[in-house]
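# Secondary and tertiary structure notes
Here is how the chains run, residue by residue.
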Amino acid sequence: VGAAGLAVSALSHKPLNPFLCLPSEADPPSSALDVSVAADCLAVRSGGRLVAAALPTEVRLAPSSTRGLRRLPGDGLHLRMRLRHPPPPPADLVHTLRQSLKPQKSYVFYCQSCGDIIVKDRKFLRVLPLPSENWSALVEEWCCHPDPFARSTLHPQQDDCFLGDTFFLLNSGNESHKSKENTRVICKRCRTMLGETVSADTIKYYVTEVIIRPSEESFSPIPRSQFVQSMVAQCLVELSSAKSTFRFTVKGDDGKIYILIWLLNSDTLLVESLGSSSSHGVFTLFGDTFMPSSGPVGTWNAVKVLYQPCIKSRNKDLADAWEDDIGVHPLKFPSETCTELLLILGLSTISLPPSLRCMNSFQVRSSCY
């Protein structure tokens, strides 16, 4: 409980909707605390001083369900109750790249980091999904004769756009951003890696590096950490729904595994006040905050994940086991983005109370989308 107000952080999942409230200061004053719960607010009175947090209009508490009030050393106050709110969007309604690109429409592709135009006014006749990354390895299981696709490649023609799990393929045409040093595709203005060349006429752009807008719309910048976690969360939600897989390896373009991710929930509602430690100063290294807030207390749809870092040979045995497991899906991004994502995850984890940072040796994180 701070002098300026009550800091609240809460997570809610269907169908039971447990609500967890965490006042930000770990050590309450020595005087007794009187906690009161109403449908639209949570208040704490201490030593004649009253502080309260009003909830957004779409979120309401069920005071009669209150239980489990306790104080944990180093954490603060924990409180559970039921929460009423509109249900999160189902996985098939989450806005994804596959839904944003349509045939016969003109698009402009921007560098996410600096806003430079990468591809201008491109209209596609076909926008098609690609099979999974390792589809060719399964051909022998499908066919009783020699591989009919051995000499063929899935490369887009001039007016095609092919969509992968974490990237899209375009025919380069007359446009080229190929670096002279290697096959990386580099933004000419800010030198950020955007993708890589697949062949002489095919470029792969990663979804975390490029913003796509219809030609009639203007470019509006999105904070880097917000964009990265949103795109990764969308990938996790879409793949878990389409492939019924919940474990993922995050690989860099250098072939190394950077992170192991285990998706716990894709229907999480995150409720946080402006005073909450996980909302302020968490991503200052990227020049932005966790998520934009619409008021004293904001709500966001989020995914909840467990993760393990794998840089510098950490968790190598586990990473090797996951890499050999056909139930684990690989996600490939630029190596720099993998490092950014790991930092985002780590900074968010340390903003949580110590008792909520780990589960079965994995670290805990919620990402908004």
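For the structure itself, look to the data block above.
Residues numbered from 1 in each chain as written. Predicted model: local features only at pLDDT ≥ 70, side-chain atom pairs only at ≥ 80, totals over all residues. Heavy atoms only, no water.

So, on to the nonpolar core. Within the largest apolar cluster, 46 residues are counted, with the highest numbers of intra-cluster contacts made by Phe109, Phe168, Tyr205 and Ile259. Two domains each donate at least three residues to this core, and these are domain 1 (97–214) and domain 2 (229–269 + 287–368). Setting aside residues up to four positions removed in sequence, Phe109 forms contacts with Asp116, Ile117, Ile118, Val119, Phe124, Phe168, Leu170, Val210, Ile211 and Ile212. Core analysis: the second largest hydrophobic core is formed by 11 residues, Leu42, Ala53, Leu55 and Met81 among them. (Core = buried A, V, L, I, M, F, W, Y, C linked by side-chain atoms within 4.5 Å. Buried < 20%, exposed > 50% of the residue type's maximum accessible area, 1.4 Å probe, protein only. Domains from an automatic or database assignment. Contact = heavy atoms within 4.5 Å.)

The next subject is unusual backbone geometry. With the exception of glycine, the majority of residues adopt a negative phi angle, and the majority of peptide bonds are in the trans configuration. With phi around 65°, Gln104 is a residue other than glycine that occupies positive phi space. The residue Ser244 is not glycine, and still its phi comes out positive at about 50°. Tracing the sequence through the fold places Ser244 in the loop between helix H3 (224–243) and strand E17 (247–251). (Helix = DSSP H or I, 4+ residues; strand = E, 2+ residues; numbered from the N terminus.)

The subject of this paragraph is the packing of H3 against helix H5 (residues 335–351). Where H3 meets H5, the closest approach of the two axes is 10 Å, and the angle between their N-to-C directions is 95°. Compared by their axis directions, H3 and H5 come out roughly perpendicular. Across from Arg224, Ser225, Val228 and Val232 in H3, the residues of H5 making contact are Thr337, Glu340, Leu341 and Ile344. Of the residues contributing to the contact of H3 with H5, the split by class is four nonpolar, two polar and two charged. (Axes fitted to C-alpha atoms, helices over the stretch in contact; angles between N-to-C directions. Parallel < 35°, antiparallel > 145°, perpendicular 65-115°, else oblique. Nonpolar A, V, L, I, M, F, W, Y, C, P; charged D, E, K, R; others polar.)

This part takes up the packing of aromatic side chains. Counted according to the given criterion, the structure contains five aromatic pairs. Their ring planes at 35° and their centres at 5.8 Å tell us that Phe168 and Tyr205 sit as a pair that is tilted. One end of the pair, Phe168, is in strand E12 (residues 167–171); the other, Tyr205, is in strand E15 (residues 202–206), and 37 residues separate them in sequence. You can call Phe168 buried: its relative accessible area is 1%. An angle of 70° between the planes, with centres 6.0 Å apart, marks the rings of Trp262 and Trp322 as edge-to-face. Taken together, the positions of Trp262 in strand E18 (residues 257–273) and Trp322 in helix H4 (residues 316–323) put the pair 60 residues apart, joining distant regions of the chain. Classification of Trp322 by relative accessible area gives buried; the value is 4%. Three or more aromatic residues joined by ring pairs form one cluster here, namely Phe109, Phe124, Phe168 and Tyr205. (Phe/Tyr/Trp six-rings, centres within 6.5 Å; stacked < 30°, edge-to-face > 60°.)

The next subject is the sheet that holds strand E3 (residues 33–37). The strand order E3-E4-E5 describes an open sheet built from three strands, whose pairing is antiparallel. The two strands at the open ends of the sheet, each matched to only one other strand, are E3 and strand E5 (49–54). Taken pair by pair, the neighbouring strands of this sheet meet at an average axis angle of 15°, ignoring direction. Both E3 and strand E4 (residues 41–46) contribute to a ladder of five bridges, which runs antiparallel. Looking at the pairing, Asp34 lines up with Arg45 of E4. (Pairing = 2+ DSSP bridges.)

Purely geometric numbers; function is a separate question.
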